[in-house]
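Inside the fold
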Amino acid sequence: MPTPKVVLGDIAGARNNLPYSKEVYAYMRLLEKSSPRVKVFLHRTTEEGREMIAVAVASEELIAKLDENKAKLAKLADPRSIGMNDAEAARIAADAVPVYYITGTIHSTESGAPTALMELAYRLAVDESPYVRHIRDNLITLITPIVEVDGRDRMVDLFRWHMAHPSETYPNLLYWGHYVAHDNNRDAMGLTLKLVAERPHQYIDQKAQVLHDLHESGQYLYDNTVGDGPYNAWLDPLLTNEWQMIGWQNVQEMTRMGMPGVYAHGQFDTWSPGYLMFMAARTTASAACTRPSAMVARPRRSSGLSRRPTYSAPGGDRTRRCRACSGRCAQQQLRADGPARLAHYFASNRRQFSRTSTRRASGRCSSRAPKARRRTC
Ligand SMILES: [Zn+2]
């Protein structure tokens, strides 16, 4: 079975080694060719014509039954299709497996996710430990290694230029994508960018229960799923409770694995309807957003007039931790209890459709939103 090294020439996450999207895709396709546990989906193309892909990894049996499983999940996604029947939903939830969707590098300068996700796909496909086998046999992991593909390739251009001209001033990455910068993950309302417009399509089409979006920002590993309440009252409490469950499970397990510094309480609220995770929330699935500390090869500007960046994570231990993590923050969450997640998925969808019918029937809003917001229904 080929490891990421076959394409990268080094281990995934090695310092000063950033692959272009075509190299990341080449590895995922090599994995697909080498393993019945991997399937690559080609989605649309970017503004500049580059491919957007998603990679499914699961046991041979689950990969062979992707469509069959999707048809089952579709019934939980639209409870009207089974007449809002709780008993039927419970039967399906016990029989189907959930889809856990992981996305990387919507922000081009946050450059570590693609290689971490190559490594994760590899480990999920080959590792025979009970831990990984449990994930592989009970869950379909869907991975989009690069969300902002145009920006990723531009970032790699810039990075390689810097490597070739180490003593010269490092230019800024003006556009992180085709024509936007950081705010490409604030487009969930407008859906004007192909990378964002594609996400609900993939998300809804694959009937995923969890969206896990990887970022890089502050120190250590921050799971912002838990966030800061009060949560947006228009989101189903079943959903926001799952955020708590997933977020704390992440903190707990990462701590148990000896990765200190994982935290959940930061300044994140659920009132901005722009993020990728909000897209997931609007389709009644859980969404997690994990921000590892600076990963290997992330440019970090030193102070001073030269503005010359350093290509290292801040501190050897942390570098090792990020490298050692290699998507483990996602991996451990994949062990989440499948039937329970599907039961929540159905119940949340059921409530949504029930609310819609009630509202239509009575002409009044029946949501549990606070009074101040209810007036605006
Ligand atoms: Zn980001």
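Scoring rules and cut-offs
Residues numbered from 1 in each chain as written. Predicted model: local features only at pLDDT ≥ 70, side-chain atom pairs only at ≥ 80, totals over all residues. Helix = DSSP H or I, 4+ residues; strand = E, 2+ residues; numbered from the N terminus. Buried ≥ 20, exposed ≤ 12 C-beta atoms within 10 Å, placed from the backbone. Contact = placed C-beta atoms within 7 Å. Pairing = 2+ DSSP bridges. Axes fitted to C-alpha atoms, helices over the stretch in contact; angles between N-to-C directions. Left-handed = near helix turned anticlockwise from the far one by under 90°. Nonpolar A, V, L, I, M, F, W, Y, C, P; charged D, E, K, R; others polar. Core = buried A, V, L, I, M, F, W, Y, C linked by C-beta atoms within 7 Å. Expected span 1.5 Å × (residues − 1). Arc of directions from axis to C-beta.

Points about the overall build of the protein chain
Tallying secondary structure elements over the protein chain gives 15 helices and ten strands in all. Expressed as a percentage of the 377 residues in the protein chain, the buried residues total 45%.

Considering the environment of Val180
Structurally, Val180 is set in the loop between helix H8 (149–164) and helix H9 (194–205). In this view, Val180 contacts Tyr175 and Leu193; residues no more than four positions away in its chain are not counted.

A short note on the pairing of strand E4 (residues 140–144)
Taken across its five residues, E4 has five buried, putting it largely inside the fold. Because side chains alternate across E4, one face comprises the buried residues Ile140, Leu142 and Thr144, and the other comprises Thr141 and Ile143, equally buried. In this sheet, E4 lies alongside strand E2 (residues 51–57) in antiparallel orientation, the contact comprising three bridges. Paired with Val57 across the bridge in E4 is Thr141. As judged from the five bridges shared by strand E3 (residues 99–104) and E4, these two strands associate in the parallel manner. Of the residues in E4, the one forming a bridge with Ile102 is Ile143.

Quick look at the packing of helix H4 (residues 66–77) against helix H5 (residues 86–95)
One can describe the packing of H4 onto H5 by two numbers: an axis separation of 10 Å at closest approach and a directional angle of 140 degrees. When you trace H4 past H5, the crossing you get is left-handed. Residue-level inspection shows Lys72, Lys75 and Leu76 of H4 in contact with H5, the latter providing Ala89, Ile92, Ala93 and Asp95. Split into classes, the residues belonging to the contact of H4 with H5 amount to four nonpolar, no polar and three charged.

Notes on unusual backbone geometry
Despite not being glycine, Met84 shows a phi value in the positive range, around 55 degrees. Tracing the backbone through its elements, the reader meets Met84 in the loop between H4 and H5. Positive phi outside glycine occurs at Thr105, with the angle close to 55 degrees. Within the element layout of this structure, Thr105 appears in the loop between E3 and helix H6 (113–126).

Considerations on the nonpolar core
A general tendency of soluble globular proteins is for nonpolar side chains to be buried together. Ranked by size, the top nonpolar core spans 67 residues in total, and within it Val55, Val57, Ala121, Leu142 and Ile143 carry the most contacts. The leading source of residues in this core is H6, at nine residues. Ile143 has contacts with Ala54, Val55, Val57, Ile102, Leu117, Leu120 and Ala121, leaving out every residue within four places of it along the chain. In this structure, Leu221, Tyr222, Met254 and Val262 belong to the second largest nonpolar core, which totals five residues.

Section: helix H2 (residues 21–34)
The end-to-end C-alpha distance of H2 is 20 Å, a good match for the 20 Å that 14 residues give at a rise of 1.5 Å each. By the burial criterion, the buried members of H2 are Ser21, Val24, Tyr25, Tyr27, Met28, Leu31 and Glu32. The buried residues of H2 occupy an angular sector of 155 degrees when projected down its axis, which confines them to one face. Where H2 is buried, its residues meet helix H1 (5–8), strand E1 (38–45), E2, H6 and H8.

Let's talk about the environment of Lys207
Mapped onto the fold, Lys207 is located in the loop between H9 and strand E5 (210–214). Sequence spacing of Lys207 and Tyr100 is 107 residues, and the spatial spacing of their C-alpha atoms is 9.4 Å. If we skip the residues at most four places from it in the chain, Lys207 touches Lys70, Leu73, Ala74, Ala77 and Val99.

Bear in mind that shape data such as this cannot, by itself, settle questions of function.
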